[in-house]
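# Structure assessment
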Amino acid sequence: MSRRDLNSENNAVNRLKLVVLPLVVALMAIISVGGVTFYTSKGFLIDQMKNDGYNLSKQVASRIVDNHASLDAANEELEKRIRVAANTVISERENLNSKFMSDLAKRVNVDELHLMDKNGNTLYSTLQGYIGWTPVEGHPLYDFVNGPDKEIMEDIRPDAKYGRLIKYGAVKASDGEIVQIGILAKNAEVLTKRFSYQNIVENLASENEIVYASFLDNDLKTLADSDIEDIGKSYSGDKDLDKVKRGMAMASEWHYDRIGGNVFEMAQPVYENEKVIGVLVIGFSMEQVYASIYKNFTISVIIAAFMFVIFLYVQSEYIIRPAKLLDIYIGKIDMENNVKYRLPIIKGDTFEGLAYSINGILQKADTYFHQLRENKEELTASNEELAGALEQLTASDEELRAQYDEIQDYNKKLEQLKQKYEIAIEGTDSAVWEVNLEDDRFFISDEFQNIAQIKVLEEDDIYELFSKLIVDEDKTVFINEYLKCKNGFSDEMHGRMRVKDKYGQIKWVFVRGRKISGSSGEPDIISGIIIDITSIKKKEEYIEYLAYHDHLTELPNRRSFMNRLKAELKSGKDGAVMLLDFDNFKGINDTLGHAYGDMVLKKISKLLKKIASKDIFVSRFGGDEFLILMSDEDSRAKIEQKVENIVSVFNEKFCIDGNEIYMNFSMGITMYPDDGEDAEKLIMNADTAMYRVKNSGKNGYKFFHTEMTKELKDRIEVEKILRNALDSGGFELMYQPQINVKTGISEGYEALLRLKEHRISPAVFIPVAEETGLITEIGKWVTREAVSQMAKWREKGIGYKTVAINISTKQLNDEKYIYELDKLLKEYRVDPECLEIEITESVLLERTEETIAILNKLKELGVKIALDDFGTGYSSLSYLTFIPVDKIKLDKSLNDKFLAIDTIKVMDSIISLAHSLNLTVTAEGIEDVEQYKRLKVGRCDYIQGYLFSRPVTPEEIENLYDRNFVAEIIG
C-alpha cells in the first residue's frame, strides 16, 4: 500500500485512519504492556527486597547492640584482671623477684608484668628485655608517669620493644611507683571474639544473596567489614551516611564492580538507649531480582505478540479487504455521464449498510439534477433583465458616492481642527475670551472655570468682571491696557495679572488679545487667550529663593550674605563679620558617612537659626563653614558676649540617629569699619583669624588684628620657599644618634629635615607643609633620601643601624605610600627591619580602624613603628594596648616635667608600663647628665638629645659609628 493510496483525495475510504492507525495503536499497546510489566514487577520485587532488608538490618542492629553491651562486659573483665594483678604486685613489692612475677602472671592469667619507679624506669619485669626501659615522650605511659592520674587502661596496641599486639593497663601506687600489666591480643580475643562486630558481619555476609556487610562507628569509620581490607576505612563526608548517622534509614541501588552487577544497599542506624552508636550497611545481590523481572517481561511480550498476530488477521479479513472493494465501487460513481449508476450490494459484507446509504444518496441526486435542468431556462431569461437594471443603478451610485466622499472629507478636516483647538486649550491651562466693543459684553470659554473655579456668563459686563476677579494692585493697569486697545491707541493688549478664584486664592494669569474690526455691519471685537501661569510663577519664585539660599540647610547663602553686608557697609553702620568652621566635621564625614554629615549640618543650622534676629544674620558659607553678620554694634565687649552665647549653644552633645557627638568650632571675627570697608576683605580677615584659632589648638575664637596679615604673608613666603626647595633640591637630612643607655653606643639615628639655604625651624615650615599639602611630596623625598643613604653606608662597609623617619597623617593615609615604600626598599636592597617610621598620636584621632589597618600593613612589610611625641597633645596610655607599635618616644616636655626628684616615680611607671607591653622606650631632648642617670635607673632603653650629639651630616655620622658617648661624657 503506497503513501499515495493512503492519502489520496480520490479514495472514498481513509485507509490511514481505518487501517494504519489501529495497527500503530495495537503495537503501542503491546510495547506499553511490556514496559508496564517490566517496571511494575521491578518495583514490586525491589519493595519486597527493601522490606526484607529493613527487617534483617533491624535484627542485626539489635544483635550488634546486644554484643556491644557484651563487649563492654568483656572489656571490663579484662580491666578487672589487670587491676587485680597490679594491686597484687603493689601489695607484694617487698617480696618481688623474677620467679614471683612469672608465677603471678600465670596465676592471674596475664602475659606481662612490669614494676616501674615513679620516674617510669622499669625495675622488675616478666620479660628480661624490659628491665631498665623508660617510656619516651609520645608513648601513652609518658603522660601517665608525669600526670596526676592513678590508673590508665589502653586499647590493644603494638608493644614498644617487640611490636606484639597487647592490651595494656597500668596502676599507680600511693608512693608513685607504677605497675603495668599486658594481655596478648590473641588471649583477649578469646574472651571478646564471639561478641565482636567482625564476627557478626562475616556471618551476615556468608548468607545467600548478601554481597557484603560492614559496621561503622559514629565518626563513619569502619569497625568491621566482610572485606577485611576495608576495616579502618573512613566514610566521613558521605552525605547519605551522614543522614543515616542522624537517624534516617537509607536504601539505594548501585553497580558493584567486584561482582559485575547491581546491589541493593541498606544503611540502618544502630541505636543504644535511644542514641545512635553506629551505622550498619548491608549489600544485597540484585541478580535473582532482575532474573525474575526479565522472565516476566519475556512472557508478557510473547502473549502480546500472539494477540497482535490475531488482530492483524481479523483486521485484514473483515476490514482491509472489504474497504478496498468499497473504494473501487465508489470510484466508479460519475454524476455527469452516468447518473443512474448504483453500488453492488454484497450480503454479509462489513460495509453492506454503508452501500445502501450511498445508493439512496445517488437516487436523490438523480431527482435533483432533473429539476435543475427544468429551471435553468427560466433563470437565464431573468438574468438578462436584471443586468440592464444593474447598469442604471451603478451609474447613479457612483455619482452619489462622489458627493458623499466630498462631504465626509470636509467633516473630517473640521473635526481635526476642533480636536487640535481643544488640545491646545486644555494642554496649556488656557481659555479663549472675546469682548464686544460696542456694548462691552464679555465672553470666555468654559476652560476658564478650571482656572478660577468661577463660571462667567456671556452677558457679564467687562468692568464688573474686572472688579470681581482682578486684585486691586493689577486692576488699574489692566483696564488702561483694555481702553488703549478699545480706543484705537493699540492693536494689541497683553500682560500678567493676579486673579482671585472662587476660594479667594490668588492665581497668576497671562492675558493676550488683539482688536479685530467687524465687517458687513458687525461690531468690532477684541479676541484673545488667557493662560494660567501660576505654576510657572511659583517656579520662578523658587528659583529666586534658591539663588539666595542654601538648598541643604535653607539658610541664606554666600550671595545673600554679601548683599546684606554690602548694604550694611553702604549705610555706614558698625558691626562684625564672623566666620565659623567646625573642627571635627571631616572626621564625622569619614567615619559616619556624608549622609550623616548632612544631618549634622541641618542640626547645626537649626541651632544657628535660633540665634538669628533682626541684628544677627546667619548664612552658610560652604561645607562646614558659616558666616554670621552682627549689625549695628560697635562694642567689642557686647560682640564677645554674643559670641559666648553662640559657644554655649554648642557645648551640649548632639544625639543624631542614635549617635552622640560633640561639635567644636573655630571662629574668626573682624569688625567694620575698623578692620575694613570692603566685603571681600572683611571675609578674608575673618578667615585669617579663624585659621589662627585652628593653628592654636582649635575650639575657640579670635578677633582679627593687623599682625595676623603679616603672619599670613610670612606663611605664604614659607610656602614659596618650600615649593622652591622641592623643585631645586633645597632640602637636606641631618641625623641625630639614639644612644643605648646600657652600652653608650648609638644603635640608630633619627633623620631630621632641614632647609639648606634658610634658617627656618621645622616647627615653622612643617605646619605650613601640612596645611598646603606639600607634606606628601616632602615625605616621599625624605623616605627616598633616608633609604638611599642607608644603601650608601652599606656600600662603604658600614654596618646597618636603624634609621627613623617621620611621616604625617596625610602621608599615612596615602594608599600608594606602602607600595612605593616596598618598591624603594627592594630597589636599594635595604632590610625593612632597619627602617623605623615615627608617627604621632594625632593620626589616631580620625579613621582609627583604617589607620590601624595601614599600620598593620607596614608591620607586615617588616619596618618598625615608633610613637613619637608621647606625653603631648592627646597622649593616652590606652592607645598603647591596641596600636601596633614597637617603641614610644617620650617628648622633651614630658622629660623636663617628670625627671625631677619629686616626680621621677611617674616616669618610672611610664617606662615600666611600656616594657610590660613589650615596647622599647626612647627619651628625647635630653641635655643634662642627671636626666641621663635617672633614666638609666628607670631602665629607659635609648636616649636622644644634645647631651650626646646634635643632628649631624651623613659624613659626620660615619665618624660616630662606634663611639661610646656615655664614656666620653661621664667617664
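Chains are numbered independently. Their residues run from 1 in the order of the written sequence. Selection of residues for local features in this predicted model requires a pLDDT of at least 70, selection of side-chain atom pairs for listing and counting requires 80 or more, and totals for whole chains, interfaces and linings are taken over all residues. Derived side-chain values reflect all non-hydrogen atoms in the structure, with water molecules and hydrogen atoms excluded from consideration.

## Quick notes on helix α16 (residues 594–611)
For clarity, the cut-off: The way it works is that DSSP assigns letters per residue, a run of H or I at least four long becomes a helix, a run of E at least two long becomes a strand, and they are numbered from the N terminus. Multiply 1.5 Å by the residue count of a helix minus one, and that product is the helix's expected span. Type-normalised accessible area, obtained with a 1.4 Å probe on protein chains alone, sets the label of each residue: buried when under 20%, exposed when over 50%, and partly exposed for intermediate values.
In this model, α16 (18 residues) spans 26 Å end to end at C-alpha, consistent with the 26 Å of a helix rising 1.5 Å per residue. Along α16, the positions that sit buried rather than exposed are Tyr596, Gly597, Val600, Leu601, Ile604, Ser605, Leu607, Leu608 and Ile611.

## A look at helix α20 (residues 762–772)
Keep this limit in mind: By definition, the arc is the one covered by directions from the helix axis to the C-beta atoms. What qualifies as a polar contact is a pair of N or O atoms within 3.5 Å, subject to a donor-acceptor requirement within protein and to the restriction that residues adjacent in sequence count only when both atoms come from side chains.
Residues Phe765, Val768 and Ala769 constitute the buried set of α20. Looking straight down α20, one finds that the buried residues subtend no more than 100 degrees of arc, so they occupy a single side. With a side-chain oxygen positioned 3.0 Å from the backbone nitrogen of Ala763, the residue opening α20 is Ser761. Positive phi shows up at Gly773, right after α20, with a value of about 85 degrees.

## Re the sheet that holds strand β1 (residues 112–116)
Backbone-to-backbone hydrogen bonds pair the strands of a sheet. The strands run either parallel or antiparallel. We apply this condition: Paired strands are those between which DSSP finds at least two bridges. Each axis is a line fitted through C-alpha atoms, and for a helix only the stretch in contact is used; angles between axes span 0 to 180 degrees, taken between their N-to-C directions.
The sheet built from five strands is open, its strands ordered β2-β1-β5-β4-β3 with antiparallel pairing. Two strands lie at the open edges of the sheet, namely β2 (122–125) and β3 (151–158), each paired on one side alone. On average, adjacent strands in this sheet sit at an angle of 20 degrees to one another, irrespective of strand direction. Pairing geometry for β1 and strand β5 (residues 178–184), over five bridges, is antiparallel. Following the sheet pairing, Glu112 is matched in β5 by Gly182.

## Things to note about the packing of helix α19 (residues 706–728) against α20
The condition that has to hold: Each angle is binned into one of four classes, with values under 35 degrees roughly parallel, values over 145 roughly antiparallel, values of 65 to 115 roughly perpendicular, and all other values oblique. We call two residues in contact whenever any of their non-hydrogen atoms come within 4.5 Å of each other.
α20 packs onto α19 with a crossing angle of 85 degrees between their chain directions and a minimal axis gap of 9 Å. When the interaxial angle is binned, α19 and α20 end up roughly perpendicular. Of α20, the residues touching α19 (which contributes Arg715, Val718, Glu719 and Leu722) are Val764, Phe765, Pro767, Val768, Ala769, Glu771 and Thr772.

## Overview of the UniProt feature "transmembrane region" (unreviewed entry) in the protein chain
Put simply, the test is: UniProt positions are given in the numbering used here, feature names are shortened, and annotations may be inferred rather than shown by experiment.
UniProt tags residues 20–40 and 293–314 as "transmembrane region" (unreviewed entry). Secondary structure content for residues 293–314 is 100% helix and 0% strand, while the C-alpha to C-alpha distance between its ends is 32 Å.

## Digging into the packing of aromatic side chains
Test applied: What counts as a ring pair is set by centres within 6.5 Å for rings of Phe, Tyr and Trp (its six-membered ring), and what kind of pair is set by the plane angle: stacked under 30 degrees, edge-to-face over 60, tilted for all other angles.
Applying the stated criterion across every chain, the model contains 14 aromatic pairs. Between the aromatic rings of Tyr212 and Tyr256, the centroid separation amounts to 5.2 Å while the plane-to-plane angle is 65 degrees, which identifies the pairing as edge-to-face. With Tyr212 in strand β6 (residues 210–217) and Tyr256 in strand β8 (residues 250–256), this residue pair connects regions lying 44 residues apart in the sequence. The same class applies to Tyr212 and to Tyr256, which are both buried. Taken together, a centroid distance of 5.2 Å and an interplanar angle of 55 degrees make the contact between Trp254 and Tyr256 tilted. Classification of Trp254 by relative accessible area gives partly exposed; the value is 34%. Residue Tyr256 is classed as buried on the basis of its relative accessible area of 13%.

## A word on the confidence of the model for the protein chain
So the rule is basically this: Values of pLDDT, the confidence the predictor places in each residue, fall between 0 and 100.
Per-residue pLDDT for the protein chain averages 81, and the proportion of residues at 70 or more is 87%. Note that pLDDT drops below 50 for residues 1–8; the model gives that stretch 11 contacts with residues more than four away or on any other chain.

## Some remarks on the pairing of strand β16 (residues 575–582)
For β16, the tally of buried residues reaches eight of eight residues, placing the bulk of the element in the interior. Side chains Gly575, Val577, Leu579 and Asp581 project from β16 onto one buried face, and the interleaved Ala576, Met578, Leu580 and Phe582 project onto a second face that is buried too. Note: β16 against strand β18 (residues 625–631), seven bridges, orientation antiparallel. Looking at the pairing, Gly575 lines up with Ser631 of β18. Judged from the eight bridges that link them, β16 and strand β21 (residues 665–672) form a sheet pairing that is antiparallel. Each bridged residue has a counterpart across the sheet, and for Asp581 the counterpart in β21 is Ser666.

## Some remarks on the pattern of salt bridges
To keep it simple, the criterion reads: Between Lys or Arg on one side and Asp or Glu on the other, a salt bridge is scored when a side-chain nitrogen of the former is within 4 Å of a carboxyl oxygen of the latter.
Within the structure shown, the criterion is met by 34 salt bridges. Between Glu151 and Arg83 there is a salt bridge, with the nearest N and O atoms lying 2.8 Å from each other. Here Glu151, found in strand β3, pairs with Arg83, found in helix α2 (residues 15–91); they are 68 residues apart in sequence, far enough to count as distant. Judged by relative accessible area, Glu151 falls into the partly exposed class, the value being 35%. Between Arg498 and Asp474 there is a salt bridge whose closest N-O contact spans 3.0 Å. Of this pair, Arg498 sits in strand β13 (residues 492–500) while Asp474 sits in helix α12 (residues 472–486), and the two are 24 residues apart along the sequence.

## Considering the environment of Val179
Looking at the element boundaries, Val179 is found in strand β5. Looking at Val179, the relative accessible area reads 1%, which means it is buried. Put simply, Val179 and Asp117 are 62 residues apart on the chain and 8.9 Å apart in space, counted from C-alpha to C-alpha.

## Details of the packing of helix α18 (residues 679–695) against α19
The cut-off we apply is this: Charged residues are taken to be Asp, Glu, Lys and Arg, nonpolar residues to be Ala, Val, Leu, Ile, Met, Phe, Trp, Tyr, Cys and Pro, and polar residues to be all remaining types, Gly included.
At a closest axis distance of 10 Å, the pairing of α18 and α19 adopts a crossing angle of 70 degrees. In terms of orientation, α18 and α19 fall into the roughly perpendicular class. Mapping the contact onto sequence places Thr688, Ala689, Arg692 and Asn695 in α18 and Met708, Glu711, Leu712 and Arg715 in α19. Across the contact of α18 with α19, the residue classes break down as three nonpolar, two polar and three charged.

## Remarks on unusual backbone geometry
At the junction of Tyr672 and Pro673, the peptide bond is cis and its omega measures out at 5 degrees in the coordinates. Its place among the elements puts Pro673 in the loop between β21 and α18. Phi is positive for Arg829, which is not a glycine, with a value near 55 degrees. Even without a glycine there, the phi angle at Asp869 is positive, about 55 degrees. In this fold, Asp869 is placed in strand β27 (residues 864–870).

## Description of the environment of Ala786
Structurally, Ala786 is set in helix α21 (residues 775–795). For the pair Ala786 and Pro954, spaced 168 residues apart in the sequence, the C-alpha separation amounts to 10.0 Å. When residues no more than four places from it in sequence are discounted, the contact partners of Ala786 are Leu733, Tyr735, Val803 and Ile805.

## Brief notes about the side chain of Ser631
Mapped onto the fold, Ser631 is located in strand β18. Under the relative-accessibility criterion, Ser631 is labelled buried at 5%. Once residues lying within four places of it in the same chain are set aside, the contact partners of Ser631 are Glu568, Asp574, Gly575, Lys614, Asp615 and Tyr672.

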